[in-house]
Structure formats: C-alpha cells, structure tokens
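Chain residues, written in single-letter form:
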Amino acid sequence: MIHSLFLINHAGDIFLEKHWKSVISRSVCDYFFEAKEKAVEPENVPPVLQTPHHYLISIYRDKLFFLSVVQTEVPPLFVIEFLHRVADTIQDYFGDCSESLINDNVVTVYELLEEMLDNGFPLATESNVLKEMIRPPTILRSVVNTLTGTTVFAEIQGVIEASVRLTGMPDLSMTFMNPSLLDDVSFHPCVRFKRWESERALSFIPPDGNFTLMNYHVSSQNLVTIPVYVKQNICFFETGPCGRLDITIGPKQTMGKTVEALMVTIHMPKAVLSANLTATQGNYTYDLATKVLVWDIGKLNPQKLPNLRGSLSLQSGAPKPEDNPSLNIDLKIQQVAISGLKVSRLEMNGEKYKPFKGVKYLTKAGNFQVRT
C-alpha cells in the first residue's frame, strides 16, 4: 500500500525518508512542494495529491509534514490514520515529535517504521506492542544524554564482506531496507552499477570464496548513533603532586545488544608517575615508560555500570599539566549495524538448488575519542 515515507520540516527540507520497496526519487516530492507554495498556511496543503504515477498523501503535525507515496488507489483516510499513528508513536517514545528528537533517535525511528509496516502494509501500530519489540528511551537515558555533552564529529565507514560457496553461475540480488542512509559507496567489480543507480539494489554474479562486496560511508552526523556514553572527570590539583580520575561508561544506543571487548586507553601527561585506582569491572594497567593507562572492561553490564576511580601521582615539583588527556574507546557489538543499514532480501536466480543464506552484523569502534 504505502511505498515510501518522507518527513519534511516547516522550511521544506526532507530530513528523513523510508522506502519499503524500491527507492523512489525525492523528485516525487516536487508536486507536494508546488502545492505547499500555493497554500497560504501549511494546514491548507491538500492532504491528497495525484501525480502521473503516484498519489501523495500527507498530514501536518507539530510543524512537520508526514508525506507518504502510494502507487495504487487506496482509501486516503486509511493512509492518513496510519500517518497519525506514526506521529503518535514518535511522540509516545520520545516525548515530542520534533525534527531534532527524530534526528537524535534516528535508528530507533527506522526500527519503528520497519515494524509498523510490512512490505508497505500496516502491521504493528499499537504502542504497547511496539514497546515489547523496541525498547523506548528511558528518562535516565535522556538525562545522561544531556549531561554527557555533545558529539563534535562522527562518521561511519562500513563494509559488506561476502563468503560465497555456490556451484554453477548463480545470479544474486541483494536489497536493503534503508539504502538512502548511504552517502558514498564503492563496489566489487562483479556488481552491476546501473542496477544500483536505478533501484538501489546489488545485482551480481559472485566469485567463489571470500571478498568485499561493498564499502559504504555515512557522513551525516545526525545519522551516526554513539552506542555508549562516557562520564569522566580527570583533574590535576594546583597544589600538591596529585590528581583525580573518575570514569563511568554506560550503554546509550545498542538496540538491546551487549557491548563487548570494551576498552579505554588514556595517554597520560609525562608528569604522571603512577595511578592508584579501583575498577568495579575489568582490570587496569599503567605503563610508566609509555605513560599509557589501559582499562580492559570486557562485556558491559548495563545493570551495574563499570567505574574506574582513584588518585594520580605526579613528579614532585612538576608543573600542573596544561591539558587533560583524551579517552580512546574500543568496543564491539554483535548483530548490530550502528549505521542502521539492514539487508531486506537476498535472492538467487539462474540455479535450481536452494542455497543457505545468512547475514551477520558487527559494529566496531574505529577512532572513538572522548575529550575531557
């Protein structure tokens, strides 16, 4: 029924789009923008617009337009009711239905839309049902997000690694639930680029063995979700050769998965001689020669957040360090692609046998740095 959904702010900028079948170009919204310009007030934009190939059905809520694209005739009120359900669900989950909140929780929003529609038809639209599948953010998490500062810069470098063991000449086709997330892509030579340009689908005859099918990049900071938060306090006193360190790490956006191989590395100032610390989880080491403090946490326990605190000893007579050190975070999350990219379908043509198909997701920290 519903082919695509576009979220448009009051200024007329598309800040989120979701496609349940093949990708429809944003140019289809030009008909809506023309109607918006003719309307005196946003509320006066016609809720149903007919284009040569689509129907555009929209609502206006909280200074946002929810614009759906439909390819066949359907009862407009049915679509309008669903769009209001989407807005109600966002407001119920995040406390408000605003552009900034949607951008801050974009991965969760995509998950909700994926559950609310199945191949374009309404599936789970009740909040109590959705909350059983997708945990809403808690008040504590919202407070933590406020207290732990802001993201200076964030991007995602992703890769799709393939392992193929098939006989004959199978012709494979892979589609994604949300390919619009990707800013920049590069492919293995076996991929047919024209199919990607027209349908945002990967069509290829694979080589045998392991190979990199695609590299992708997500540079829009609003779409990059930081999986953990860090509360830190590292200070050096004006008088006396000492300082204090207090670090706590907790889950932020892990989609219910466990953070593994969590490690914090800190390059201390040269004046720091030793560290007398207590870790509630994991172990720490301080290398006097390299001045590197490593806190190996392992798996993150969300019920009892790991904390490292204690005193730092400085060389006698050494001046107070001018700059506090930065924290470098390493982590892994199995079965989660923090970019939000998900494989929708993998099909094989050209051969009669039925292959085994599987998809695994993995998130790894690259250069994840927290400034103190």
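This text goes with the structure placed above it.
Predicted model, so just to flag it, every value in this text is computed and none were measured. (Residues numbered from 1 in each chain as written. Predicted model: local features only at pLDDT ≥ 70, side-chain atom pairs only at ≥ 80, totals over all residues. Heavy atoms only, no water.)

1. Side note on the overall build of the protein
Right, on to step 1. Looking only at helices and strands, the protein has seven helices and 23 strands in total.
Right, on to step 2. Taking all 372 residues of the protein together, the buried fraction comes to 44%.
Right, on to step 3. Taking the contacts inside the protein whose residues are at least 6 apart along the sequence as the reference set, 68% of them involve residues at least 24 apart.
Right, on to step 4. Put simply, the protein shows about 19900 Å² of open surface, and 49% of that area lies on carbon and sulfur atoms.
Right, on to step 5. One way to put it: in the protein the 35 positive side-chain charges average out to a point 7 Å from where the 39 negative ones average out. (Helix = DSSP H or I, 4+ residues; strand = E, 2+ residues; numbered from the N terminus. Buried < 20%, exposed > 50% of the residue type's maximum accessible area, 1.4 Å probe, protein only. Contact = heavy atoms within 4.5 Å. Areas by Shrake-Rupley, 256 points an atom, 1.4 Å probe, with all protein chains shown as cover. Lys, Arg positive; Asp, Glu negative; His and termini not counted. Charge placed at Lys NZ, Arg CZ, Asp CG, Glu CD.)

2. Things to note about unusual backbone geometry
Right, on to step 1. For Lys-63, which is not glycine, the phi torsion reads 65° and is therefore positive.
Right, on to step 2. Structurally, the position occupied by Lys-63 is in the loop between β4 (55-61) and β5 (64-70).
Right, on to step 3. The class of Lys-63 is exposed, set by a relative accessible area of 60%.
Right, on to step 4. In this structure, Gln-335 takes a positive phi of about 60° despite not being glycine.
Right, on to step 5. Positionally, Gln-335 belongs in the loop between β20 (327-334) and β21 (343-349).

3. Examining the side chain of Asn-9
Right, on to step 1. Residue position: Asn-9 is located in strand β1 (residues 2-9).
Right, on to step 2. Its relative accessible area of 8% is what places Asn-9 among the buried residues.
Right, on to step 3. Among the polar contacts listed, one links the side chain of Asn-9 to the side chain of Glu-99, at a separation of 3.3 Å. (Polar contact = N/O pair within 3.5 Å; in protein donor to acceptor, adjacent residues only side chain to side chain.)

4. Quick look at the nonpolar core
Right, on to step 1. Membership of the largest hydrophobic core comes to 55 residues, with the highest contact counts inside it found for Leu-213 and Leu-245.
Right, on to step 2. Looking at this core, the element that brings in the most residues is strand β12 (residues 209-218), giving five residues.
Right, on to step 3. If near-sequence neighbours (up to four positions away) are discounted, Leu-213 is found in contact with Ile-160, Ala-162, Met-174, Ser-186, Phe-187, His-188, Cys-190, Val-191, Leu-202 and Phe-204.
Right, on to step 4. Listed in part, the 35 residues of the second largest apolar core include Tyr-93, Ile-102, Val-106 and Leu-130. (Core = buried A, V, L, I, M, F, W, Y, C linked by side-chain atoms within 4.5 Å.)

5. Things to note about the pattern of salt bridges
Right, on to step 1. Counted according to the given criterion, the structure contains nine salt bridges.
Right, on to step 2. The partner of Asp-88 in a salt bridge is Arg-61, with the nearest N and O atoms 2.8 Å apart. Here the residue Asp-88 occupies a position in helix α2 (residues 76-94), and Arg-61 occupies one in strand β4, the gap between them amounting to 27 residues.
Right, on to step 3. Note on Arg-61: relative accessible area 15%, which makes it buried.
Right, on to step 4. Taken together, the shared-partner salt bridges connect Glu-81, Arg-85 and Glu-126 into one network. (Salt bridge = Lys/Arg side-chain N within 4 Å of Asp/Glu carboxyl O.)

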